[in-house]
Amino acid sequence: QVQLMESGGGLVQPGGSLKLTCAASGSIFSISAMGWYRQAPGKQRELVAAVTTGGSPNYADSVKGRFTISRDDANNLVYLQMNSLKPEDTAVYYCNTRVRISRYSSQYDYWGQGTQVTVSS
């Protein structure tokens with residue numbers, strides 16, 4: 001099994017910054033992609049940012065220029081640096097990773113439990 005542990009959420013004022021961290025552990029042979037999604041109350045879960053192994057990051061239009069995703073592949077970590085936060089960024093943020101658990105297995109998506117980000121004065 002694969003476990004994802006998120007940290008770094010919290011309450012921040014508009015214009016402030018937060019950095020989310022997600023650590024993947026368990027039966028991991030390889031990771032092909034890692035990313036962050038979010039879900040606000042009453043809304044569907046949406047992609048915030050993702051990056052494939054060896055690829056370029058992909059961002060939602062609403063966060064371009066404000067959020068930066070990065071990975072530490074040696075330690076199976078993914079980060080989301082969030083700057084210039086707005087009230088509309090308030091949501092539960094979920095880490096996602098696409099993993100192969102052995103050389104010959106299929107790829108599977110795993111999700112973290114989520115971390116709350118609240119942007120409010």
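To start, this report covers the structure provided alongside it. (Residues numbered from 1 in each chain as written. Predicted model: local features only at pLDDT ≥ 70, side-chain atom pairs only at ≥ 80, totals over all residues. Heavy atoms only, no water.)

## A word on the environment of T21
With respect to the helices and strands, T21 occurs in strand β3 (residues 18–26). Those residues in contact with T21 that sit more than four places away from it in its chain are M5, E6, S7, W36, L77, V78 and Y79. (Helix = DSSP H or I, 4+ residues; strand = E, 2+ residues; numbered from the N terminus. Contact = heavy atoms within 4.5 Å.)

## Structural notes on unusual backbone geometry
Phi at N76 is positive, roughly 55 degrees, even though this residue is not glycine. Residue placement: N76 occurs in the loop between β7 (67–72) and β8 (77–82). Positioned with a positive phi, S84 is a non-glycine residue whose angle comes to about 50 degrees. Here S84 lies in the loop between β8 and β9 (91–100). On the accessibility criterion, S84 (41% relative accessible area) is partly exposed. (Buried < 20%, exposed > 50% of the residue type's maximum accessible area, 1.4 Å probe, protein only.)

## Overview of the sheet that holds β8
Taking strand neighbours across the sheet as the criterion, the 4 strands line up as β1-β3-β8-β7 in an open arrangement whose pairing is antiparallel. Edge positions in the open sheet fall to β1 (2–7) and β7, since each of these has one partner strand only. Sheet twist, expressed as the average angle between the axes of neighbouring strands with direction ignored, equals 15 degrees. Alignment of β7 against β8, held across 6 bridges, turns out to be antiparallel. Bridge assignment links D72 to a residue of β8, and that residue is L77. (Pairing = 2+ DSSP bridges. Axes fitted to C-alpha atoms, helices over the stretch in contact; angles between N-to-C directions.)

## Brief notes about the side chain of E6
Along the chain, E6 falls in strand β1. Of the side chains with opposite charge, R45 comes closest to the buried, unpaired E6, at an N-O distance of 7.7 Å. In this structure the side chain of E6 is engaged in a polar contact, spanning 2.7 Å, whose partner is the backbone nitrogen of C95. Polar contacts involving the side chain of E6 include one to the main-chain amide nitrogen of G114, which spans 2.6 Å. Each residue touching E6, except ones within four places of it in the same chain, is listed here: T21, C22, W36, Y93, Y94, C95, G112, Q113, G114 and T115. (Lys, Arg positive; Asp, Glu negative; His and termini not counted. Salt bridge = Lys/Arg side-chain N within 4 Å of Asp/Glu carboxyl O. Polar contact = N/O pair within 3.5 Å; in protein donor to acceptor, adjacent residues only side chain to side chain.)

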